[in-house]
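Examining the three-dimensional arrangement
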Amino acid sequence: MPESKRTRSVESLCRELKLDPVEVELEKRDDGWYFSQEVFQRPEDAAFRYFQGQGYYGNACEGGAIQTVIKACCLDLLTAINTFRSEEDACNRYLEAQFTIHWDKGAEIVRTVVAANEATVVQNTAKIFSAGFVHGAFNSDVRQDACLGTWRALVATGVLEQITKKLMARPYDYRAGWPDLTLYRENELLLIEVKTPKDKFHESQLRIVENFITPLSIPFNVTKIVAI
């Protein structure tokens with residue numbers, strides 16, 4: 001079977017990873033998915049609300065939150081080495097494109113990401129949002145107020161450096177397939193893949209599981225939507 005068509009059932013992958021999926025009951029109507037008397041256009045947003053009730057916060061935007069945080073960590077360097085010496089371009093250009101252009105600066109970029117502090121993350125996140133990139137790239141699903149908490153959780157979990165290194169090595173291979181929800185509770189990181197009935201894991205999602213979640217021991221689970 002060609003790699004591009006590889007799939008796995010939810011049940012098969014959960015057995016392999018020894019996951020105990022969380023089941024969330026949602027009522028499906030013509031105007032959307034209902035959870036706790038709220039209506040959502042996407043099941044991912046309804047699942048996000050469920051986890052908010054468990055004390056989590058974060059983003060329902062696949063890998064957008066992690067990419068935005070990494071960009072914020074190294075924005076000053078990306079601006080300094082930008083072809084046009086443009087902070088606006090560094091804010092608005094996709095991270096995978098910048099990592100490809102500056103592949104020879106990979107070690108320096110990783111060191112810069114690791115060395116970033118809270119003040120840098122807050123300041124540069126604000127610049128990225130002000131430049132308008134996030135709205136166009138992630139349909140406004142990245143919450144600015146959740147970026148600092150995401151960074152703290154990535155640091156506390158000890159995976160920020162390794163994620164950056166892997167993204168730097170193969171930027172376009174890992175642009176898609178990230179779990180739907182990037183959550184944190186205090187400094188606890190949790191990635192959640194939301195699956196409706198008959199959904200499967202596809203190639204890009206399996207690639208993220210195999211190259212990030214499993215080898216880096218990133219906290220991960222599956223939420224199975226039960227339509228009622």
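Residues numbered from 1 in each chain as written. Predicted model: local features only at pLDDT ≥ 70, side-chain atom pairs only at ≥ 80, totals over all residues. Heavy atoms only, no water.

One pass over the full model with this rule turns up 8 aromatic pairs. Ring pairing ties together the aromatic residues F35, Y50, F51 and Y56, which thus form one cluster. Cation over ring: K166 sits above F212, and NZ or CZ is 5.9 Å from the ring centre. One Lys or Arg, K195, reaches over the ring of F201 and ends 4.7 Å from the middle of that ring. (Phe/Tyr/Trp six-rings, centres within 6.5 Å; stacked < 30°, edge-to-face > 60°. Lys NZ or Arg CZ within 6 Å of the ring centre and 35° of its normal.)

Right, let's get into the environment of K166. Its location among the elements puts K166 in helix α10 (residues 160–169). Assessed through its relative accessible area of 23%, K166 is described here as partly exposed. Engagement of the side chain of K166 in a polar contact is seen with the backbone oxygen of N211, the distance being 3.0 Å. (Helix = DSSP H or I, 4+ residues; strand = E, 2+ residues; numbered from the N terminus. Buried < 20%, exposed > 50% of the residue type's maximum accessible area, 1.4 Å probe, protein only. Polar contact = N/O pair within 3.5 Å; in protein donor to acceptor, adjacent residues only side chain to side chain.)

Looking now at the pairing of strand β6 (residues 181–185). The element β6 is extensively covered by neighbouring structure, given that 4 of its 5 residues are classed as buried. Here 3 bridges tie strand β5 (residues 57–59) to β6, and the two strands are oriented antiparallel to one another. Across the sheet, residue G58 finds its bridge partner in β6, namely L183. Where β6 meets strand β7 (residues 188–195), 5 bridges bridge the pair, whose relative direction is antiparallel. Within the sheet, the bridge partner assigned to Y184 lies in β7 and is L189. If you look at the hairpin formed by β6 and β7, you'll find 2 residues sitting between the two strands, and E186 has a positive phi there, around 55°. (Pairing = 2+ DSSP bridges.)

Time to look at unusual backbone geometry. Although it is not a glycine, K198 sits at a positive phi angle of roughly 75°. Among the secondary structure elements, K198 is positioned in the loop between β7 and β8 (200–202). Here the phi dihedral of S217 falls at roughly 55°; this positive angle occurs in a residue that is not glycine. Structurally, S217 is set in the loop between α11 (203–213) and β9 (220–227).

Further remarks concern the pattern of salt bridges. A pair can form between side chains of opposite charge whenever their charged atoms are brought close. Tallied over the entire structure, the rule returns 17 salt bridges. We note a salt bridge from R8 to E16, for which the minimum N-O separation is 2.9 Å. With a shortest N-O distance of 3.0 Å, D89 and R93 are connected by a salt bridge. Looking at R93, the relative accessible area reads 29%, which means it is partly exposed. (Salt bridge = Lys/Arg side-chain N within 4 Å of Asp/Glu carboxyl O.)

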